[in-house]
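# Chain and residue survey
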Amino acid sequence: MTLLTVHEVVKRHCSAGEQICAVDHVNLTLQREQMLCIHGPSGSGKTTLLLLIAALLQPDSGEICLEGRPLAQLDERARARLLRRQLGLITQSTRLMPRVSALENATVKLLLDGVPPRRARARALPLLARLGLADRLHHPPEQLSSGERQRVAIARALISGPALLLADEPTAHLDSASSIATVQLLRKLACEQGAGVLLVTHDTSAAALADRSFEMRDGRLRRAEPADGLGGDAADRAVGCAADGVAGGGAGGVADGAAHWQRR
Ligand SMILES: Nc1ncnc2c1ncn2[C@@H]1O[C@H](COP(=O)(O)OP(=O)(O)O)[C@@H](O)[C@H]1O
Ligand SMILES: [Mg+2]
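Please read these numbers as outputs of a predicted model, since none were measured by experiment.

### Topic: the overall build of the protein chain
Along the protein chain, the regular secondary structure elements total 10 helices and 10 strands. Considering only residue pairs separated by 6 or more positions, the protein chain has 70% of its internal contacts joining residues 24 or more positions apart.

### Points about the packing of helix H3 (residues 102-112) against helix H5 (residues 146-158)
Between H3 and H5, the least distance of the axes is 7 Å, while the angle of their chain directions is 30 degrees. With respect to each other, H3 and H5 are oriented roughly parallel. In the crossing of H3 with H5, the sense of the turn from one axis to the other is right-handed. Within the contact between the two elements, H3 uses Ala102, Asn105, Ala106, Val108 and Lys109 and H5 uses Val152, Ala155 and Arg156.

### Considerations on the sheet that holds strand E4 (residues 61-66)
To summarise the sheet geometry, strands pair through backbone hydrogen bonds and adopt either a parallel or an antiparallel arrangement. If you walk across this open sheet you meet the 4 strands as E2-E1-E4-E5, and the pairing is antiparallel. Two strands lie at the open edges of the sheet, namely strand E2 (18-30) and strand E5 (69-70), each paired on one side alone. Summarising the sheet, strand E1 (residues 4-15) and E4 pair through 5 bridges and their orientation is antiparallel. Considered in E4, the bridge of Leu4 is made with Leu66.

### Quick word on the site of ligand 1
In the neighbourhood of ligand 1, the contacting residues comprise His13, Ser15, Ile20, Ala22, Gly40, Ser42, Gly43, Ser44, Gly45, Lys46, Thr47 and Thr48. Elements with a contribution of two residues or more to the shell around ligand 1: E1, E2 and helix H1 (46-53). Across the shell around ligand 1, the residue classes break down as 2 nonpolar, 9 polar and 1 charged.

### Description of the sheet that holds strand E10 (residues 220-223)
Strands sit in the order E6-E7-E8-E3-E9-E10 across an open sheet of 6 strands; the sheet is mixed. Each edge of the sheet is formed by a strand with only one pairing partner; in this case those strands are strand E6 (87-90) and E10. Direction aside, the axes of adjacent strands within the sheet are offset by 20 degrees on average. With 4 bridges joining them, strand E9 (residues 212-217) and E10 adopt antiparallel strand pairing. Directly across from Phe214, in E10, lies its bridge partner Arg223.

### Comments concerning the pairing of E1
When E1 meets E2, the two strands line up antiparallel, connected through 9 bridges. The residue bridging His13 from the neighbouring strand is Ile20, located in E2.

### What about the packing of H3 against helix H4 (residues 117-130)?
Across the interface, H3 lies against H4 with an axial gap of 9 Å and an inter-helix angle of 125 degrees. When the axes of H3 and H4 are compared, the pair comes out oblique. The way H3 lies across H4 gives a crossing that is right-handed. Two secondary-structure elements touch here, H3 through Ala102, Leu103, Ala106, Thr107, Leu110 and Leu111 and H4 through Pro117, Ala120, Arg121, Arg123, Ala124, Leu127 and Leu128. Residues that form the contact of H3 with H4 fall into these classes: 10 nonpolar, 1 polar and 2 charged.

Criteria and thresholds
- Residues numbered from 1 in each chain as written.
- Chains lettered and ligands numbered in written order.
- Predicted model: local features only at pLDDT ≥ 70, side-chain atom pairs only at ≥ 80, totals over all residues.
- Helix = DSSP H or I, 4+ residues; strand = E, 2+ residues; numbered from the N terminus.
- Contact = placed C-beta atoms within 7 Å.
- Axes fitted to C-alpha atoms, helices over the stretch in contact; angles between N-to-C directions.
- Parallel < 35°, antiparallel > 145°, perpendicular 65-115°, else oblique.
- Left-handed = near helix turned anticlockwise from the far one by under 90°.
- Pairing = 2+ DSSP bridges.
- Near = placed C-beta within 6 Å.
- Nonpolar A, V, L, I, M, F, W, Y, C, P; charged D, E, K, R; others polar.

Here it is as structure tokens:
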């Protein structure tokens with residue numbers, strides 16, 4: 001079954017008495033183990049689209065379905081459960097809890113879901129290690145670099161084994177090499193869990209790792225031209241994790257993003 005279907009979705013914001021059509025009749029489908037990338041200028045509606053898919057905003061018209069189920073049918077409790085269990089949301093500002101260790105930050109969704117702390121920590125430890133944070137487990141965000149904070153946020157998003165990972169400019173504060181490594185690892189971990197990834201990024205080299213790329217302008221989404229011979233069907237073959245079991249390799253030539261962190 002298709003993981004995510006966005007059908008003719010429209011969302012207008014009202015700002016200073018003016019209506020802005022932030023998302024304008026957008027259509028999109030995403031399968032498990034696929035990564036789609038959206039790029040576009042600031043203000044083009046990317047974050048609004050992600051918030052609609054996360055059920056944190058309601059569309060004015062159109063329909064969004066997750067595994068065939070319209071989000072509009074969910075009541076508030078079901079929406080909260082969706083966010084804890086089926087969705088992983090990574091935002092540009094990581095919003096980690098201050099003065100709380102990386103380990104505890106990573107476990108928060110499980111704890112909110114009633115998982116005993118010991119079991120939650122046991123789930124977080126290997127994930128944080130894969131993200132190159134084995135020696136940062138007990139550091140609070142204040143003592144972590146922006147890249148480390150971003151990787152804690154990735155662990156927090158993935159820990160519940162979500163079906164869909166939504167990442168809104170997760171590498172905005174990283175240098176190019178770290179950005180590619182982060183996206184590669186994010187994709188690899190998500191694919192290993194059978195999740196689909198919707199990535200919003202400004203970074204075109206990170207975008208080249210996606211199966212399909214879209215450009216957003218003035219609220220409208222259109223298929224982007226493949227860059228460097230990748231993207232589109234070429235990328236489907238090169239990095240498609242449905243075919244390979246796991247993603248990685250493909251564009252950029254770094255086999256496993258984790259290696260980038262472990263070398264440091
Ligand atoms: N809560 C809001 N209230 C009013 N206008 C908003 C709100 N959120 C976003 N907008 C406007 O909607 C448009 C799309 O914004 P956004 O989705 O944040 O774009 P992007 O993520 O591509 O930068 C922009 O013109 C922005 O100013
Ligand atoms: Mg944005």
